[in-house]
Amino acid sequence: MPEQPRPDPSPTTLPDLPQGLTTRPLQKTDARAVHLLMAAQEMADIGEVAIEEADIVSDWARPSHDLAARSVGVLDGEELVAYAELMGVDRADTAVAPSHRGRGIGTWLALWLQDLGRRVGSPVIGMPVPQGSPGDRLLEQLGYRVRWTSWVLRLPEGATIPERELPADHVVRTARPDELRAVHDVLEDAFLEWSVREREAFEDFEAATTGRPGFEPWNLRVAVDPAGTVVGVSLVLVSDNGTTGYVDRLAVRRDQRGRGLAQALLVDSFAQARAHGTTTSELSTDSRTGALGLYERVGMVTTGIWVNRAVDLDPTTEIAR
């Protein structure tokens, strides 16, 4: 039987923050401060930093995202010690400085996000958290369910990159500028098979890819058929320290699957990243895609597990301020 939505567990009053803390909407100039905040939280929770400032800058560059209306920063004096934002219909991100945990700030952010979600018409909001982390435990206590599980996978340093043959007369190469809309269509058609959201605007895609700080043309890989039509896409990015190639998106057109194109794109991405100085490659996948086995077959191993916890919102419930 399909899972029944859980009732919205929110109280009707937004609690006070600890004395001395203030709030304001975020601005694009806060990208570095948010990055440092998220990095501190990741280091405390998983022992390494995955987020990069370019991730935040490119997200905030999307024309559809109203940062001022959909974000809040919590400050202790001039220092940003926590933040939350809602992007699109249901994707939330939050962080609390480890030095300020245990003061009720995380609960306040969760309830603030629920209030914002109701006001903008979101039926549900969710956020990714490392499995078993303080954030995971807090959201569980607040009634958030697990929507899906995500795995972070890595090609071990020094691993041999396997070879994969392409179907006859198919080629994997760097995408041309005039192929960007075709690239976007392949990605969106594939991701919307299992992702419940509106279709991403091309302008948002462009801002988050070619407009991303540090983007280089070779980062966008395409598989093309004998007619020159884009039938598969991989977006591989290089970490700020230059050591890791991150496969951010990978998709093959539905009628072309089962022919080895995804694995060919993947090993090409590994090879291109290594040729540009990286020593390892990473990506993440989740339980909605069924793609975990694909990545394991090319030698990747799981290094971390995250869960997306979500709460269904009752539009009739309002939080008093």
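Residues numbered from 1 in each chain as written. Predicted model: local features only at pLDDT ≥ 70, side-chain atom pairs only at ≥ 80, totals over all residues. Heavy atoms only, no water.

### Looking at the overall build of the chain
Inference 1: Broken down by element type, the chain carries 8 helices and 12 strands.
Inference 2: Against the globule reference of 20 Å for 321 residues, the chain gives a C-alpha radius of gyration of 20 Å, in line with a compact fold.
Inference 3: Principal-axis analysis of the C-alpha atoms gives the chain an extent of 65 × 40 × 35 Å.
Inference 4: Counting every position in the chain, which comprises 321 residues, the buried fraction comes to 50%. (Helix = DSSP H or I, 4+ residues; strand = E, 2+ residues; numbered from the N terminus. Rg over C-alpha atoms; globule rule 2.2 N^0.38 Å. Buried < 20%, exposed > 50% of the residue type's maximum accessible area, 1.4 Å probe, protein only.)

### Observations concerning the packing of helix 1 (residues 31-46) against helix 2 (residues 53-60)
Inference 1: In contact at an axis separation of 9 Å, helix 1 and helix 2 are set at 130 degrees when each is read in the N-to-C sense. Taken together, the axes of helix 1 and helix 2 lie oblique to each other. Seen along the crossing, helix 1 lies across helix 2 with a hand that is right-handed. Contacts from Ala31, Arg32, Val34, His35 and Met38 in helix 1 reach Glu53, Ile56, Val57 and Trp60 in helix 2. (Axes fitted to C-alpha atoms, helices over the stretch in contact; angles between N-to-C directions. Parallel < 35°, antiparallel > 145°, perpendicular 65-115°, else oblique. Left-handed = near helix turned anticlockwise from the far one by under 90°. Contact = heavy atoms within 4.5 Å.)

### Quick notes on the nonpolar core
Inference 1: The biggest cluster of nonpolar side chains holds 43 residues, and the ones touching the most others in it are Val34, Trp60, Val74, Trp108, Leu109, Trp112 and Leu113.
Inference 2: Sorting the residues of this core by element identifies helix 1, helix 2, strand 2 (71-76), strand 3 (79-87), strand 4 (91-96), helix 3 (105-119), strand 5 (124-130) and strand 12 (301-312) as the ones contributing at least two each.
Inference 3: The element contributing the most residues to this core is helix 3, with 8 residues.
Inference 4: In this structure, Trp218, Val231, Leu250 and Val267 belong to the second largest nonpolar core, which totals 25 residues. (Core = buried A, V, L, I, M, F, W, Y, C linked by side-chain atoms within 4.5 Å.)

### Here's the deal with unusual backbone geometry
Inference 1: The phi dihedral of Asp169 is positive, around 65 degrees, even though this residue is not glycine.
Inference 2: Relative to the elements of secondary structure, Asp169 occurs in the loop between strand 6 (145-155) and strand 7 (171-174).

### Some thoughts on the side chain of His65
Inference 1: Of note, His65 is situated in the loop between helix 2 and strand 2.
Inference 2: What makes His65 buried here is its relative accessible area of 9%.
Inference 3: For His65, the side chain forms a polar contact with the side chain of Glu85, separated by 2.9 Å.
Inference 4: In this view, His65 contacts Asp59, Trp60, Arg70, Glu85, Leu86 and Met87; residues no more than four positions away in its chain are not counted. (Polar contact = N/O pair within 3.5 Å; in protein donor to acceptor, adjacent residues only side chain to side chain.)

### Re helix 7 (residues 261-275)
Inference 1: In a regular helix each residue adds 1.5 Å, so 15 residues correspond to 21 Å; helix 7 covers 21 Å between its end C-alpha atoms and thus fits that length.
Inference 2: Gly277 sits one or two positions beyond helix 7 and adopts a positive phi of about 100 degrees. (Expected span 1.5 Å × (residues − 1).)

### A look at the confidence of the model for the chain
Inference 1: Model confidence for the chain is summarised by a mean pLDDT of 93, while 95% of its residues fall at 70 or above.
Inference 2: Throughout residues 1-7 the model reports pLDDT below 50, and contacts reaching past four residues in sequence, or to other chains, amount to 6 contacts. (pLDDT = per-residue confidence, 0-100.)

### Regarding the environment of Thr278
Inference 1: Inspection of the secondary structure assignment puts Thr278 in the loop between helix 7 and strand 11 (280-286).
Inference 2: When sequence neighbours within four positions are dropped, the list of residues in contact with Thr278 reads Val238, Gly242, Thr243, Thr244, Gly245 and Ala273.
Inference 3: There is a polar contact of 2.8 Å between the side chain of Thr278 and the backbone oxygen of Ala273.
Inference 4: Polar contacts involving the side chain of Thr278 include one to the main-chain amide nitrogen of Arg274, which spans 3.3 Å.

### What about the packing of aromatic side chains?
Inference 1: Tallied over the full model, the rule gives 2 aromatic pairs.
Inference 2: Plain terms: the ring middles of Phe191 and Trp194 are 5.3 Å apart, the flat faces sit at 45 degrees to each other, and that makes the pair tilted.
Inference 3: Ring plane angle 45 degrees and centroid distance 6.1 Å describe the contact between Phe202 and Phe205, whose orientation is recorded as tilted. Here Phe205 and Phe202 lie together in helix 6 (residues 202-208), a separation of 3 residues that amounts to about one turn. Exposure class is identical for Phe202 and Phe205. Each is buried.
Inference 4: Between Arg181 and the ring centre of Phe202, over which it is positioned, the NZ or CZ distance is 3.9 Å.
Inference 5: Above the face of the Trp148 ring, Arg288 is positioned so that its terminal group lies 3.4 Å from the ring centre. (Phe/Tyr/Trp six-rings, centres within 6.5 Å; stacked < 30°, edge-to-face > 60°. Lys NZ or Arg CZ within 6 Å of the ring centre and 35° of its normal.)

### Here's the deal with the pairing of strand 8 (residues 220-224)
Inference 1: Buried residues dominate strand 8, accounting for 5 of its 5 residues.
Inference 2: Here strand 8 shows a buried face lined by Leu220, Val222 and Val224 and a second buried face lined by Arg221 and Ala223.
Inference 3: As defined by bridge partners, strand 7 adjoins strand 8 across 4 bridges and the pair is classed as antiparallel. If you follow Arg173 over to strand 8, its bridge partner there is Val222.
Inference 4: Two strands pair when backbone bridges link them, and strand 8 and strand 9 (residues 230-238) are joined in this way by 5 bridges, in the antiparallel orientation. Among the inter-strand pairings, Ala223 is bridged to a residue of strand 9, identified as Gly232.
Inference 5: Hairpin remark: strand 8 followed by strand 9, antiparallel, with 5 residues in the connecting loop; positive phi at Gly228, about 85 degrees. (Pairing = 2+ DSSP bridges.)

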